[in-house]
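A look at the structure
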Amino acid sequence: MSALVDTWKQDCERVIELNSVAILHTPKCAGTWLFNLLPGLCDVKERHAVPHMNLKEARELTDKPIVAAVRHPETWWPSYWNHRMRHGWQPHTHIVDTLANKSFTAFMRGVNENYPGFFSHYVQGWVGGPEEPVEHTIRYEYLVDDLTEVLDLYGEEYDVREFNRPRVNCSDYGTHSAIWGDQREATIENERLVLQRFYS
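Here the structure is a predicted model, which means the values were calculated and not measured. (Residues numbered from 1 in each chain as written. Predicted model: local features only at pLDDT ≥ 70, side-chain atom pairs only at ≥ 80, totals over all residues. Heavy atoms only, no water.)

1. A short note on the packing of helix α2 (residues 31–41) against helix α8 (residues 143–153)
Selection rule: For every element, the axis is a line fit to its C-alpha atoms; helices are fit only across the contacting stretch, and the angle between N-to-C directions ranges from 0 to 180 degrees. For helices the rule is a DSSP run of H or I covering at least 4 residues; for strands it is a run of E covering at least 2, with both sets numbered from the N terminus onward. We call two directions roughly parallel when the angle between them is under 35 degrees, roughly antiparallel when it is over 145, roughly perpendicular when it lies between 65 and 115, and oblique otherwise. Each helix crossing is assigned a hand: it is left-handed if the near helix lies turned anticlockwise from the far helix by less than a right angle, otherwise right-handed if that turn is clockwise. Two residues form a contact once any of their heavy atoms are found within 4.5 Å. Following the grouping adopted for this structure description, the nonpolar residues are Ala, Val, Leu, Ile, Met, Phe, Trp, Tyr, Cys and Pro, the charged ones are Asp, Glu, Lys and Arg, and the polar ones are all others, Gly among them.
Their axes nearest at 13 Å, the elements α2 and α8 cross at an angle of 45°. Regarding the angle of α2 to α8, the classification is oblique. Handedness of the α2/α8 crossing: right-handed. Between α2, through Trp33, Leu34 and Leu41, and α8, the contact on the second element is made entirely by Leu143, Val144, Leu147 and Leu151. Class assignment of the residues belonging to the contact of α2 with α8 gives a composition of 7 nonpolar, no polar and no charged.

2. Observations regarding the packing of aromatic side chains
As a reminder of what qualifies: Two rings from Phe, Tyr or Trp (for Trp, the six-membered ring) form a pair when their centres sit within 6.5 Å of each other. Planes less than 30 degrees apart are called stacked, planes more than 60 degrees apart edge-to-face, and all others tilted. The buried label goes to any residue with under 20% of its type's maximum accessible area, the exposed label to any with over 50%, and the partly exposed label to all in between, with areas taken from a 1.4 Å probe on protein chains only.
Counting across every chain of the model gives 13 aromatic pairs. For the ring pair Trp76 and Tyr122, a centre distance of 5.6 Å and an interplane angle of 50° mean the geometry is tilted. Of this pair, Trp76 sits in helix α4 (residues 73–87) while Tyr122 sits in helix α6 (residues 118–122), and the two are 46 residues apart along the sequence. The exposure class of Trp76 is buried, given its relative accessible area of 0%. Judged by centre distance (5.9 Å) and plane angle (45°), the ring pair of Trp77 and Phe118 falls under tilted. Here Trp77, found in helix α4, pairs with Phe118, found in helix α6; they are 41 residues apart in sequence, far enough to count as distant. Given the relative accessible area of 17%, Phe118 is considered buried.

3. Regarding helix α5 (residues 104–114)
For α5, the complete set of buried residues consists of Phe104, Thr105, Phe107, Met108, Gly110, Val111 and Asn112. Of the surrounding elements, those touching the buried residues of α5 are α4 and α9 (184–190).

4. Some remarks on the sheet that holds strand β2 (residues 22–24)
Cut-off, in case you're wondering: Strands pair, by our definition, only if DSSP identifies at least two bridges between them.
With respect to topology, 5 strands assemble into an open sheet ordered β3-β1-β2-β4-β5, the strand pairing being mixed. Of all the strands in the sheet, the pair left with one neighbour each is β3 (46–48) and β5 (136–139). Here the strands of the sheet are splayed against their neighbours by 20° on average, with no regard to which way each runs. Summarising the sheet, strand β4 (residues 66–70) and β5 pair through 4 bridges and their orientation is parallel. In the strand pairing of β5, Ala68 is matched with Thr137. On top of the sheet, α8 reaches β4 and β5; it is set at about 155° to β5, its chief contact.

5. Looking at the pattern of salt bridges
Heads up, the condition is: Salt bridge, as used here: a side-chain nitrogen of Lys or Arg that lies within 4 Å of a carboxyl oxygen of Asp or Glu.
Across all of its chains, the model carries 9 salt bridges by this definition. Note that Glu135 and Arg59 form a salt bridge whose closest N and O atoms lie 2.9 Å from each other. Here Glu135 is found in the loop between α7 (124–127) and β5, whereas its partner Arg59 is found in helix α3 (residues 55–61), with 76 residues between them in sequence. With its nearest N and O atoms 2.9 Å apart, the salt bridge here joins Arg161 to Asp159. By relative accessible area, which is 22% here, Asp159 ends up partly exposed.

Laid out in structure tokens, this is it:
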């Protein structure tokens, strides 16, 4: 039973506090790997198992500077779709899930036609808007470099050997292939806000 409880707590964790900084879990941005990594990487002070916590709620929980992750929409959307294909769609809680489709191309066509720029606005729940951003952002594609830069900035000690851990909770693209078809360019155009802010 204890192992099941530990697994449940790990799955629900949304904020990990270190000595001088707190890490906020951003959905589908390597959060599971990161939260598995941190206890062995550096000195964890507090672990908060509060499902679906966003930046506003995290600020009420801790007065430490907060770090959140972001991801390029070209890889976030396939990861999101693949996760839903494996674990089920949730149309009552996620508006884009009303567009559920076994074809990734068809799903993205629906997103681009009905909710263009959805991810750019969705991710602001964790990284904040341009007017009130999170203190630090780490990018999925440069996760180790960006994270170590933040840890160094706040004087957090860490064991570099832990970065050799394999990533966990990665999508199995062999089972559900995300083929962009004619929707890649439209998605990049529609998600230009997040791209200009974090990848320009």
